[in-house]
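An overview of the molecular structure
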Amino acid sequence: MSLKLILSHPFVKVTRKIERNEQKTLEQEHDLKLYEDRIIVGQDQFAIQDVFDMSYRFQSTLYGFLYLHTNRGVVTFIIKKDPTVFINEYRKLI
């Protein structure tokens, strides 16, 4: 089985913790990776046929949300960049 990476799109994982009565926010950037037959997110993966649609919405000029509508429910990712190209590539596969 050879997986051909079509496109990746960055998302942000935000972790908040309190140190010395001060809230700290840590952002880690990860990638959604689109392949011909699946989308891989870290250790998790979704078969293309299990992803019914994708949508997104920006809440501000800095952050938005990318939604994967899957057979496991809606999975949400925090994004900073417009995912239109990623979504269009995904839609070519379905």
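Residues numbered from 1 in each chain as written. Predicted model: local features only at pLDDT ≥ 70, side-chain atom pairs only at ≥ 80, totals over all residues. Heavy atoms only, no water.

1. Quick word on the confidence of the model for the protein chain
Taken residue by residue, the protein chain gives an average pLDDT of 92. The fraction at 70 or more is 98%. The secondary structure element of the protein chain with the lowest average pLDDT is strand β1 (residues 5–19), at 92, and the one with the highest is strand β6 (residues 64–70), at 97. (pLDDT = per-residue confidence, 0-100. Helix = DSSP H or I, 4+ residues; strand = E, 2+ residues; numbered from the N terminus.)

2. What about the pairing of strand β4 (residues 44–47)?
Looking at chain direction, strand β3 (residues 38–41) and β4 are connected through four bridges and run antiparallel. Looking at β4, one finds that Val41 is bridged to Asp44. Connecting β3 to the antiparallel partner β4 that follows it, the hairpin turn spans two residues, and Gly42 within it adopts a positive phi of roughly 60 degrees. (Pairing = 2+ DSSP bridges.)

3. Structural notes on the pattern of salt bridges
Under the criterion given, the structure shown has six salt bridges. The shortest N-O distance in the salt bridge between Lys17 and Glu19 comes to 3.2 Å. Accessibility expressed as a relative area gives 46% for Lys17, which makes it partly exposed. The partner of Asp44 in a salt bridge is Arg72, with the nearest N and O atoms 3.2 Å apart. In this pair, Asp44 sits in strand β4 while Arg72 sits in the loop between β6 and β7 (73–79), placing the two residues 28 residues apart along the sequence. Relative accessible area serves as the criterion here: at 36%, Asp44 is assigned to the partly exposed category. (Salt bridge = Lys/Arg side-chain N within 4 Å of Asp/Glu carboxyl O. Buried < 20%, exposed > 50% of the residue type's maximum accessible area, 1.4 Å probe, protein only.)

4. Considerations on the nonpolar core
One finds Leu32, Ile39 and Leu68 to be the most contacted residues of the largest nonpolar core, which totals 16 residues. Listed by contribution, the elements that provide at least two residues to this core are β2 (22–35), β3, β5 (51–58), β6, β7 and α1 (84–93). If you tally residues by element for this core, the top one is α1, at three residues. Non-local contacts of Ile39, meaning those with residues more than four positions away in its chain, are made with Leu32, Lys33, Leu34, Asp44, Gln45, Phe46, Ile48, Val51, Met54, Leu68 and Tyr90. (Core = buried A, V, L, I, M, F, W, Y, C linked by side-chain atoms within 4.5 Å. Contact = heavy atoms within 4.5 Å.)

5. A word on the side chain of Thr70
Take Thr70: it is sitting in strand β6. In this structure the side chain of Thr70 is engaged in a polar contact, spanning 3.0 Å, whose partner is the backbone nitrogen of Arg72. For Thr70, the residues in contact, after removing those within four places along its chain, are Phe46, Asp50, Val51, Phe52 and Val75. (Polar contact = N/O pair within 3.5 Å; in protein donor to acceptor, adjacent residues only side chain to side chain.)

6. A short note on the environment of Phe11
Topologically, Phe11 is positioned in strand β1. Under the relative-accessibility criterion, Phe11 is labelled buried at 9%. Separated by 69 residues in sequence, Phe11 and Lys80 have C-alpha atoms that sit 7.0 Å apart. When sequence neighbours within four positions are dropped, the list of residues in contact with Phe11 reads Gln28, Glu29, His30, Asp31, Leu32, Val41, Phe77, Ile78 and Ile79.

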